[in-house]
Amino acid sequence: MTALSSSIVLAASIAIAFRITLHANFLITSATFGFAYVFARWILTSRKMQGIAPGPPLWPVIGNATHIPTESPWLTFSKWAQTYGDIIHLDAMGQPIIILNSIQAAKDLLDKRSSIYSGRPHMVMACDLIGYAQGFVLQPYGEEWRKQRKIVNQDFNQSVVQRYYDVQETQARKLVLGVLNDPSSLESEIKMRIAAIILEANYGYTVQSKDDPFYTIPLDAMSNFSKATAPGAFLVDLIPQLKNLPEWMPGTGFFQTAKDMRKIMMEGTWNPYLWARDNLPTGIAHTPSLCATTLTQVDGPLSAADEHSLVWAGSAVLGGGLDTNMSTILSFVLAMLHYPEIQAKARAEIDAVVGCDRLPSLADKSSLPYVRSIVTEVYRWAPPVPLCIPHCLNEDDVYNGIHLPKGSLVMPNIWHMTRDPNTYPNPDAFQPERYDGSDIEMQKVTDLVFGFGRRVCPGIHFAQGTIFAIISTLLATCEILPTRDAHGRPVIPEVAYTSSTICFPKNVQAHFTPRTPQAMSLLTQSIVEQEFVVN
Ligand code: HEM
């Protein structure tokens, strides 16, 4: 029984006793027993007695509910590491949460014991009432999750992902032209171009404009996903029994909200897939794509079960790939505003390797170690998913003598790991030089930032293509400069982040100017050529 439910039982018994008799002695006796019960339970559930990891003091009933911060929790968990160590146990009204503050613990548990650490939390509103658990980000560890992961892996694994380089380069160039023409469009341009890459790779579909419903409806579905999974947003997640109430009952507006969100989710997930399925035989849907790979592997139509897996795998790619990539590019722009000298150094490398007569491409990646170091330093300096996506522990476990209870949410604090001053001296500084051009050192960062074990990000290689294409094109063709205030003074945004699972730097605005007239004409020319090829 959870602390919450046992305390409710206790409170109810006291209330009944109160009604039965008003005898003062009885009341005093009940109150004394009640207090003794709560106190005894508190002692029994104390950390030492349970053998659980250290953490802030546990209060009866609520546990650590009032200690868990809502603003940038990774910063508080990082500070707590000094007091409580690498593994912290929190209790949110009966829900155990384990924070892993060390690389060693994360690897020992999430990588090496991944057979029991690969679940995901179950959220009533998002999973049961709306249906988001059909996509594999929230799916429990099991057969359907495995099937969808396989579909994504076969299209985005390291050995085949080059097939999307053209799309990534083209959209990177369009993005740069877009911000050169209108720097105020930075955020919307990044979002649109990253979504365009994913929609091409998923469905062979070319986004027509920022109003295209194949682009806008999935975005609405993703924004609803964030709302539905925000901690504490829906009471039904705290009291799951509420989902059994009749829908006509006052106070059950969450049923209608769930229906509205479900409709948007279904449209955003199915419509682009149905377009791809219908347009593949006519050649209108481009290939290769994730859908084309699976659809062309069978003679005739897919079974309903296989079609379901394909549709939801595609949806998870968009869900997993859009905000993470967007956050990375915005953090890059922010870093370049704070460290302009790094732009100059990167350009010198690009000019020496690529020259001025062509644009950089993904084929140049292996010859541009400083640009690769910049990309890695962005991941380290501002990991887009600072607390990872929580894993769920499916069995009781013991690690270094610490009891880790079944059902715990396990959160590796990636932010803390990439700021460890022993590994990364002066960790707040953006210093691509710290890798000394070594890919082994850079990989140590990507090994953290893309998650752990069997749940590790399946889009890691695809993401790295998109990010490198955009960053190298921006560096090769533009000066990234601060905007100016009314008095002509440069405005450099402070380094501040939202508190969401995928965090974004706040208020990033910049001014972009072409480095040379030649850079501008190379960009325009490459788009014209690409459109000629496609048409
Ligand atoms: C900078 C870019 C990206 C970063 C930093 C990133 C990071 C992450 C992280 C930390 C996780 C959680 C891993 C875990 O639970 O241990 C994850 C999961 C996931 N990512 Fe990415 N990701 C990125 C781009 C992408 C892209 C482009 C795709 C599309 C192919 C993608 C698809 C997914 C999916 C589907 C999952 C859920 C995997 C599962 O639950 O089994 N991500 N990502």
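Residues numbered from 1 in each chain as written. Predicted model: local features only at pLDDT ≥ 70, side-chain atom pairs only at ≥ 80, totals over all residues.

Focus on the site of the ligand
Here is step 1 of the chain: Taken together, 29 residues are adjacent to the ligand, and Gly320, Gly321, Gly451, Cys457 and Gly459 come closest.
Here is step 2 of the chain: When contributions to the shell around the ligand are tallied by element, the ones reaching two or more residues are α7 (143–156), α14 (304–338) and α19 (460–477).
Here is step 3 of the chain: If you tally residues by element for the shell around the ligand, the top one is α14, at seven residues. (Near = placed C-beta within 6 Å. Helix = DSSP H or I, 4+ residues; strand = E, 2+ residues; numbered from the N terminus.)

Quick look at the nonpolar core
Here is step 1 of the chain: In terms of nonpolar packing, the biggest core is built from 132 residues, with Leu100, Met125, Ala126, Ile130, Ile198, Val333 and Ile471 touching the most fellow members.
Here is step 2 of the chain: When residues in this core are grouped by element, the largest group, 16 residues, is from α14.
Here is step 3 of the chain: Setting aside anything within four residues of it in sequence, one finds Val333 in contact with Leu186, Ile480, Val508 and Ala510. (Core = buried A, V, L, I, M, F, W, Y, C linked by C-beta atoms within 7 Å. Buried ≥ 20, exposed ≤ 12 C-beta atoms within 10 Å, placed from the backbone. Contact = placed C-beta atoms within 7 Å.)

Points about the sheet that holds strand β6 (residues 409–412)
Here is step 1 of the chain: Across the sheet, four strands lie side by side as β1-β2-β6-β3; this open sheet has mixed pairing. Two strands close off the open sheet at either side, each with one partner strand: β1 (87–92) and β3 (391–392).
Here is step 2 of the chain: Most of the contacts of helix α5 (residues 103–111) go to β6, to which it runs at about 135°, and overall it touches β1, β2 (95–100), β3 and β6. (Pairing = 2+ DSSP bridges. Axes fitted to C-alpha atoms, helices over the stretch in contact; angles between N-to-C directions.)

Things to note about helix α8 (residues 165–181)
Here is step 1 of the chain: With 17 residues, α8 extends 24 Å between its outermost C-alpha atoms, agreeing within 8% with the 24 Å of an ideal straight helix rising 1.5 Å per residue.
Here is step 2 of the chain: Every buried residue of α8 is accounted for by Val167, Gln168, Glu169, Thr170, Gln171, Ala172, Arg173, Leu175, Val176, Leu177 and Val179. (Expected span 1.5 Å × (residues − 1).)

Observations regarding the domain arrangement of the protein
Here is step 1 of the chain: Each assigned domain of the protein is listed with its residue range as follows: domain 1 (1–134 + 215–265 + 389–418) and domain 2 (147–204 + 286–387 + 427–535).
Here is step 2 of the chain: In terms of residues, the side of domain 1 that touches domain 2 owes the most to one element, helix α10 (residues 213–229), which gives five residues.
Here is step 3 of the chain: A class-by-class count of the residues in the side of domain 1 that touches domain 2 yields 16 nonpolar, nine polar and two charged. (Domains from an automatic or database assignment. Nonpolar A, V, L, I, M, F, W, Y, C, P; charged D, E, K, R; others polar.)

What about the packing of α14 against α19?
Here is step 1 of the chain: For the pair α14 and α19, interaxial distance at closest approach is 11 Å and the crossing angle is 30°. When the interaxial angle is binned, α14 and α19 end up roughly parallel. Where α14 crosses over α19, the two elements pack in a sense that is right-handed. Residues Gly321, Thr324, Asn325, Thr328, Ile329 and Phe332 of α14 touch α19, and the partners they reach there are Ala463, Thr466, Ile467, Ile470 and Ile471. (Parallel < 35°, antiparallel > 145°, perpendicular 65-115°, else oblique. Left-handed = near helix turned anticlockwise from the far one by under 90°.)

A short note on the pairing of β2
Here is step 1 of the chain: Across the six residues of β2, five count as buried, placing the element largely inside the fold.
Here is step 2 of the chain: The antiparallel hairpin formed by β1 and β2 contains two residues in its connecting segment, where Met93 sits at a positive phi of about 50°.
Here is step 3 of the chain: Where β2 lies against β6, four bridges are found, and the strand directions are parallel. Bridged to Ile98 within β6 is Val410.

Quick look at unusual backbone geometry
Here is step 1 of the chain: Here the residue pair Thr287 and Pro288 is connected by a cis peptide bond, since its omega of 0° sits within 30 degrees of zero.
Here is step 2 of the chain: Inspection of the secondary structure assignment puts Pro288 in the loop between α12 (253–279) and α13 (290–295).
Here is step 3 of the chain: Of note, the phi angle at Met93 is positive, near 50°, even though the residue is not glycine.
Here is step 4 of the chain: Locating Met93 in the fold gives a position in the loop between β1 and β2.
Here is step 5 of the chain: Unusually for a residue other than glycine, Asn507 sits at a positive phi of about 50°.
Here is step 6 of the chain: Here Asn507 shows up in the loop between β9 (490–491) and β10 (511–514).

Describing the UniProt feature "binding site: heme" (unreviewed entry) in the protein
Here is step 1 of the chain: When the UniProt feature table is mapped to this numbering, "binding site: heme" (unreviewed entry) covers Cys457.
Here is step 2 of the chain: Position of Cys457 among the secondary structure elements: in the loop between α18 (439–449) and α19.
Here is step 3 of the chain: Classification of Cys457 by C-beta neighbours within 10 Å gives buried; the count is 20.
Here is step 4 of the chain: Once you skip the residues sitting within four places of it in the chain, Cys457 turns out to touch Gly320, Phe450 and Gly451. (UniProt positions renumbered as here; feature names shortened; annotations may be inferred.)

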